[in-house]
Every structure is written in structure tokens, then in C-alpha cells.
Amino acid sequence: MIKGSQILIDSLIKEGVDTIFGYPGGSIMPLYDELYNYQEEINHVLVRHEQGAAHAAQGYARASGKPGVCMATAGPGATNLITGITDAYMDSTPIICITAQVPTDKLGSNFFQETDIINLTLSITKWSYQITSADEIAEVVAKAFHIASTGRPGPILLSITKNAQTTAIPFKNSKKYKFNIPSLRVNKLRSGDVNLAKGWIESAKKPLILAGQGVTIARGEEQLMEFAERSNIPVSVTLLGLSSFPTTHPLYVGFMGMHGNIASNFMIQEADLIIAAGMRFSDRVTGDLEKFAPNAKIIHIDIDRSEFNKTVKSHLHLHGDVAQVLAQLTPPKALPQHSEWLQFMEKNLQKERELVIDRLFDEKGSNKITMAQLVERATHMCGGDQIIVTDVGQHQMFCARYSKFTKGRSLISSGGLGTMGFGLPAAIGAKLGAPDRVVIAVLGDGGFQMTMQELGTIMQGKIDVKVVVVNNSYLGMVRQWQELFFDKRYSQTHMDNPDFTMLAKAYGIQSRRVEKIEELDGALKEMFENDSSYLLEVIVEKEENVFPMVPLGSSINNMIYQ
Amino acid sequence: MKKEYIVVANVNDNISVLNRITATYIKRHLNIDSLNVSNSSKKGVSNVLISCVTTKESMEQIVRQIGNMIDVLNVRFYQSALQ
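Caption draft 1: Structural context of the overall build of chain B. Summing up its helical and strand segments, chain B has 2 helices and 4 strands in all. Along the chain direction, N to C, the helices and strands of chain B fall in the order β-α-β-β-α-β. Taking 12 Å as the expected radius of gyration for a compact globule of 83 residues, we find that chain B reaches 12 Å, a close match to that expectation. Evaluated residue by residue, chain B yields a buried proportion of 41% over its 83 residues. For chain B, long-range pairs separated by at least 24 residues make up 71% of all intrachain contacts whose partners lie at least 6 apart in sequence.

Here it is as C-alpha cells:
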């Protein structure tokens, strides 16, 4: 006879789980009691708030490509996961969230710590299930992992009642489950569609690839490179598509959208063919939909049918795994260069250097540090090999614009939901998901303070995360909008901050504060040479703005440069 | 232009499928005019019928999103003949 709690943990191990982020509590105690027997097999990371567990599971999934697992008790434990679940839903991240529930016979009675978590998370999960008896567990867990990682990934919520955890049943965990779920099926592409796309690619004069996170999810970095090089087509990326194509590649145009690179946005508006690979044309990418890419035929490749024609209407959509579709579209022999088009790209890259970049890196005037300098130097020092995990705001956009990336899965950021507080716990998860890589959490002073209790998780787990707090004593992005669109009325955006280096010291984490540009390289070097976690507080220009910027609802080539 | 549309779906007869489907309407601030769920001729499969007044574009997107749900076997929509 085996108890439900043991069946659950055995089923997780069967799925390859070796790390769980979680927090114990009343209804989940039987599961934690069982976990005590599995300390060799499972590294349970005790977070300081359940929101941290969900974000850490996201960071783990994004860095490793495997589903992340988090666990919380019923009621407040479960509701604290909701921000992370929503974030994972918006950014297609496979996470399995296990929450305890009150005993089955008490459901619906407002029992102590009861929440209807299934109902609360219906619209933010790919699938959810309430387990009420031990004999359901093994199959449901297998199904959860299958669904989370098949097709477009997403979060799964499993709510398990206390009695299902404690009941013992006769059980052998050797069964292999197979699932055939209609909504996850992908048909083979029609050869007519593939040939049509190939014809357009061959005859295009100004083609452009827009690469999104779908490329990373499909592990299609190589296929993207092969397709771009063979077809000689420049590549522009979305926020979550960053690092799916090396930023050092001659065909790399840059990041697109509201704070995108000038060349990306102008090339989108000028292109005669757009190949959108694993991206969803979010409003931050398209700006004014009516005016988006007016001259282009659009080929949209995605694993999720519901993304086709949702915002931007495509001329051809190819439903499937992005890596496989790109491989099918790759010409057998290299296509000729589009030299005029590449000149247009170079002209716009030069325009950006003159109008925006040179000014940020000019050290003659002031010895203050800009966010752009910080990000550029940190990632160059790592040779582009590091993982950057960001929070949300100005520093996030600077990370997107000025980081060097030479490897895939190197930018982990909250895109769709824009969750402040995401960065620190996600970095913890990323380090555990990719232990051999340097993980830098770049956080603003606002976002850091939303989840800074996770310094305790770093301390207890001895997790080597390099934390860079970019401190301008403002909620910088909101302040920038107030400056540009609200007549400089800085309503509730200034922050009096504590001494972050002392806070790190309280947690036994080595720390340093820098304010002058001449100190920056030395401090970064010290941080990277330190063989454990480190907190570097960088005091930056108080009122730095992220430019260029496309005002909300404008066409994406209507950019403010300074 | 807004018209009455009827969604017809075959779904697994599981708890919460119905709420997951109706949540798609709520998210778009749409009011459901009529709703019927019944057993189908196949064991474990239910038929869901929902009518709602909206635009064709929003109906197309709702139906695609419903079609993505794990417990939905198939879904289609029709314009109501009664108008």
C-alpha cells in the first residue's frame, strides 16, 4: 500500500523532476512529510513567499527548457502563486503548480484556508485539475507534464485534496501513459503552402525575419541561423526572442517595437516580405495596427492556431513547430544577397548610433553611470555567454537593447505581463536550471523591493546569483512617461530607499555600491570573480530615459529619439 | 456588425470545462444569451451550445481559443437564423 503523497513524488521523479520550489503549510503537510524521505532525489528550494516559487519555476523552465515545478499549500499559499501563473501563461512558460486543498468532504464549506483555486486560475492556466483521490494521481501528473510541454507551453495547476495525499492504495508506478489530445495535434504542412512561401522568399527584395520566443521553445536556434544565412535575410527579434539569434551576427538587426532599434522598426515598415517565426504580434511590437508593415506580405509561423490573424492579418500562415517549419523553408542553396536592403539596414544602424547610442556611451561630460553602459559592460565581460534575468522597467529595456548574447536561452524577462518583482526569484530558478552558466539578475530599485525577501532563499540555498540593483530612486519607466506625457508631474514615483548593500550583508551576501563610471569595471570584475552570490548596487543617473521610444498607439516608425 | 452567433462544442464531460469556456466570453465582456449542456451519444462527451451577440471577428477568436482547450474535442460556430 502506498500513500497518495508518495505516489505524487514518485510520479514527479518519473517525469525527471529534481528541483521543486515551494513553501509548506497546513494542507500540504503530508506531501512535505513525504518529501523528507526524498532529500537525495529532490532538491526542494524553500522560497520566502509563494510568488517567488512560481517565478523561480519559470526561471528554471526558461533556462533549462524543462517544466519547472512549484508547490504551495491551500488558500493563501495557492493565491500567492497567481501572479507567477499569469506571467507563465502570458509568456508560454511550462510550469507545474501543485497546491494542496482541504479534504474532499469539506469542499465548498469555507473550511480553514479553503480557496476555489481551480476556478480562480481557469483563465490563466493551460489546464488544471483537482485531484480528490489517490488513484488519480499518477495519470494526472503524467498528463500535466505532457500538456505543459507539448505545443505552446503553459502553466498547469494541480490542486490535491488532503485526503488524496494521505490515503494509501495498492499501487505500482510502472505504467506508461499515452495521451492523444485533439487540441495539441499538429498536421503536416500542405506542400502547396510550403512552395508558396518558398517562392515568396526567393523573389523578395526586402525580406525580414521576426523571431520570437517560439524559436527558443522549439529549440530552433540552429534552424533559424541556417534559414537566415542560406536565404540571406536579416533577423529582428521580439523581447522574448532575444538571444535566439546571436547579437554579434552580421544579419542581426536588433530588437523591435516600442523601445526597439531604429533599423528593426524602419525595416518592418519598408519590408516586402515578413517571416514571423514563433511570435504573436503583441501591441508592444506592432504599435498602430493599421499602419504596421504596410508593404509586406506576411508569413506567420506558429504552433498556436489562435494566434493567426489575431492582431496582424497574415497572407499565409504555417501551423507547426517553428524549428521544423524553418527547416522546411530553408533553400538548398544560398540565395543572392539583397545588397540594397542590407545598405538600408546599415544606414539605419548608423542613424541609431548617431542619434541615440553614442550619447549614452559618451564619458566626457559626466562620470555618472548610465544603465546602457552598465549592461553593455557586464555582458561584454562575460563574452555574451551569461544569462541575463531582468525585472520590469527601464533597466529591462536597456538590457534588451545593449546586452551581448552569443548563446540561446540567455534573456529571461517578464514580457506579456510585465511583472515587477519577477527578476530576483526567476534568477534563482535560472541558476538552478542552468548551473554551469553565469546568471546576472538586473533589477530596478522598485522591482527588487517587491520580492527582495528571496535574498533569504539565495542565502540558505547558497545559490550563486549575481544581483545588480540599478538604483535611480525612481520607478523609472513610469517617471519617464510622466515626463513625456503627463507634464512632468512625478506622482508617486520617487522612492526613498534603504541601504541595499547593508541589506545584502544582513543576509551574508557580499556587496558593493558604485556611483562613478571609473569604478564600474572593477566592481563588475570583483562580482564575477567572487565564487558565490553577490549584490552590486549601481547608482545611476536619476532621470535617464529609454530612447528611442514609440508613443503608445503610434506607427512604429514614429520614434522619439531624445 | 454585431449578430447572434451560436457556438457548438463537443467536450470531455469533466468538472470545470464549462467554466473554462464561459471565461472566454467574460474576458471579452460579452454576455451569454443562452446556454445548454447535455450528454452526447458518446459516453464521456458532452455537447455545449452557447449563443451570444457579438461581431464575427470576436466570434472567430473565441472559437479558436476554445478550440485550444485541452478538454475540447471540437468546436464550430454558426450565425443564428433567427434574426
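Caption draft 2: How the structure looks around the side chain of T493 of chain A. Considering the arrangement of structural elements, one finds T493 of chain A in the loop between α21 (476-485) and α22 (500-506). Ignoring sequence-local partners within four residues, the contact set of T493 of chain A consists of S473, Y474, L475, V478, R479 and Q482 of chain A.

Caption draft 3: Inspection of the layout of surface pockets at higher detail. All names here are of chain A. Its boundaries defined by the atoms lining it, the second largest pocket holds a volume of some 520 Å³. Contributions of two or more residues to the lining of the second largest pocket are made by β11 (252-255), α15 (339-360), α16 (371-381) and α17 (394-402). With 6 residues, the top contributor of residues to the lining of the second largest pocket is α15. Class assignment for the residues of the lining of the second largest pocket results in 9 nonpolar, 7 polar and 6 charged.

Caption draft 4: Region of the structure containing the sheet that holds strand β3 (residues 43-46) of chain A. Residues and elements named next belong to chain A. Pairing within the open sheet is parallel, and its 6 strands lie in the order β3-β2-β4-β5-β7-β6. The open sheet has two edge strands, β3 and β6 (127-131), and neither has a second partner. Across the sheet, the axes of successive neighbouring strands diverge by a mean angle of 20°, strand direction being ignored. Here β6 pairs with strand β7 (residues 155-161) via 5 bridges, running parallel. Of the residues in β7, the one forming a bridge with Q130 is S159.

Caption draft 5: Just the sheet that holds strand β1 (residues 3-12) of chain B, in detail. All names here are of chain B. Taken in spatial order, the 4 strands line up as β2-β3-β1-β4 in an open sheet, and their pairing is antiparallel. Edge strands, defined here as strands with exactly one partner in the open sheet, are β2 (32-39) and β4 (72-79). Recorded for the sheet is a direction-independent mean angle of 15° between the axes of neighbouring strands. Bridge count between β1 and β4: 7 bridges; the pairing is antiparallel. Looking at the pairing, I6 lines up with Y78 of β4. Each of β1, β2, β3 (45-54) and β4 touches helix α1 (residues 17-27); the most contacted strand, β2, lies at about 160° to it. Sitting on the sheet, helix α2 (residues 56-67) is in contact with β1, β3 and β4, with an inclination near 170° to β4.

Caption draft 6: A look at the side chain of N348 of chain A. Mapped onto the fold, N348 of chain A is located in helix α15. Filtering out sequence-adjacent residues up to four positions away, N348 of chain A remains in contact with I262, A263 and F266 of chain A.

Caption draft 7: Broad picture of a nonpolar patch on the surface. Residues and elements named next belong to chain B. Among the surface-exposed residues, L18, L35 and V37 lie close enough to one another that they form a single nonpolar patch of about 220 Å² accessible area. Inspection of the secondary structure assignment puts L18 in helix α1. Residue class for L18 comes out partly exposed when judged on its relative accessible area of 32%.

Caption draft 8: The arrangement of the interface of chain B and chain A in detail. The partner chain A presents 21 residues to the 15 residues of chain B that form the contact. Of the roughly 1,400 Å² buried at the junction of chain B and chain A (both faces included), carbon and sulfur atoms supply 50%. Where chain B meets chain A, there are 0 salt bridges. Between the two partners, chain B and chain A, sit 11 residue pairs in polar contact (both at pLDDT 80 or more). Where the side of chain B that touches chain A is concerned, the elements lending two or more residues are α1, α2 and β4 of chain B.

Caption draft 9: Layout of the environment of N110 of chain A. All names here are of chain A. You can see N110 is positioned in the loop between β5 (95-101) and α6 (117-120). Classification of N110 as exposed rests on a relative accessible area of 71%. Considering only alpha carbons, one finds N110 and Q480, 370 residues apart in sequence, at a separation of 45 Å.

Caption draft 10: Spatial organisation of the environment of V389 of chain A. Take V389 of chain A: it is sitting in strand β15 (residues 387-390). Beyond its immediate chain neighbours, meaning those up to four positions away, V389 of chain A contacts I412, F422, G423, A426, A427, A430, V439, I440, A441 and V442 of chain A.

Caption draft 11: The arrangement of α2 of chain B in detail. Between its first and last C-alpha, α2 of chain B extends 16 Å over 12 residues, near the 16 Å set by a 1.5 Å rise per residue. Turning to α2 of chain B, its buried residues number three or more, namely S58, M59, Q61, I62, V63 and I66 of chain B.

Caption draft 12: Here's a closer look at the pairing of strand β20 (residues 534-539) of chain A. All names here are of chain A. Of all 6 residues that make up β20, 5 are buried, and the element is covered over most of its length. For strand β18 (residues 466-471) and β20, the ladder comprises 6 bridges, and the chain directions are parallel. Opposite V470, over in β20, you have V538 as the bridge partner. In this structure, strand β19 (residues 510-514) lies alongside β20, joined through 5 bridges in parallel fashion.

Caption draft 13: Fine view of the packing of aromatic side chains. Residue and element names in this part refer to chain A. Taken as a whole, this structure holds 11 aromatic pairs over all chains when the rule is applied. Between F398 and Y402, the aromatic rings sit 6.1 Å apart at their centres with planes inclined by 25°, giving stacked as the arrangement. Separated by 4 residues within a single helix, F398 and Y402 lie in helix α17, roughly one turn from each other. Grouping residues by exposure puts F398 and Y402 together as buried. Of note, R479 hangs over the ring of Y474, and the distance from its end group to the ring centre comes to 5.6 Å.

Caption draft 14: Structural context of the packing of α16 of chain A against helix α23 (residues 517-529) of chain A. All names here are of chain A. Their axes nearest at 10 Å, the elements α16 and α23 cross at an angle of 40°. Between α16 and α23, the angle falls in the class oblique. Judged by the twist between their axes, the crossing of α16 over α23 is right-handed. Where α16 approaches α23, its residues Q373, L374, R377, A378 and M381 are matched on the opposing element by I517, L520, D521, L524, K525 and F528. Across the contact of α16 with α23, the residue classes break down as 7 nonpolar, 1 polar and 3 charged.

Analysis parameters
Residues numbered from 1 in each chain as written. Chains lettered and ligands numbered in written order. Predicted model: local features only at pLDDT ≥ 70, side-chain atom pairs only at ≥ 80, totals over all residues. Heavy atoms only, no water. Helix = DSSP H or I, 4+ residues; strand = E, 2+ residues; numbered from the N terminus. Rg over C-alpha atoms; globule rule 2.2 N^0.38 Å. Buried < 20%, exposed > 50% of the residue type's maximum accessible area, 1.4 Å probe, protein only. Contact = heavy atoms within 4.5 Å. 1 Å grid on protein atoms, 1.4 Å probe; cavity = no way out; pocket = protein on both sides within 12 Å on 5 of 7 lines; lining within 4 Å. Points joined across faces, edges and corners; volume = space filled by probe spheres on them. Nonpolar A, V, L, I, M, F, W, Y, C, P; charged D, E, K, R; others polar. Pairing = 2+ DSSP bridges. Axes fitted to C-alpha atoms, helices over the stretch in contact; angles between N-to-C directions. Patch = residues over 30% accessible without salt bridge, like charges linked within 9 Å, V, L, I, M, F, W, Y side chains within 5 Å. Areas by Shrake-Rupley, 256 points an atom, 1.4 Å probe, with all protein chains shown as cover. Salt bridge = Lys/Arg side-chain N within 4 Å of Asp/Glu carboxyl O. Buried area = accessible area lost by both parts, 1.4 Å probe. Polar contact = N/O pair within 3.5 Å; in protein donor to acceptor, adjacent residues only side chain to side chain. Expected span 1.5 Å × (residues − 1). Phe/Tyr/Trp six-rings, centres within 6.5 Å; stacked < 30°, edge-to-face > 60°. Lys NZ or Arg CZ within 6 Å of the ring centre and 35° of its normal. Parallel < 35°, antiparallel > 145°, perpendicular 65-115°, else oblique. Left-handed = near helix turned anticlockwise from the far one by under 90°.

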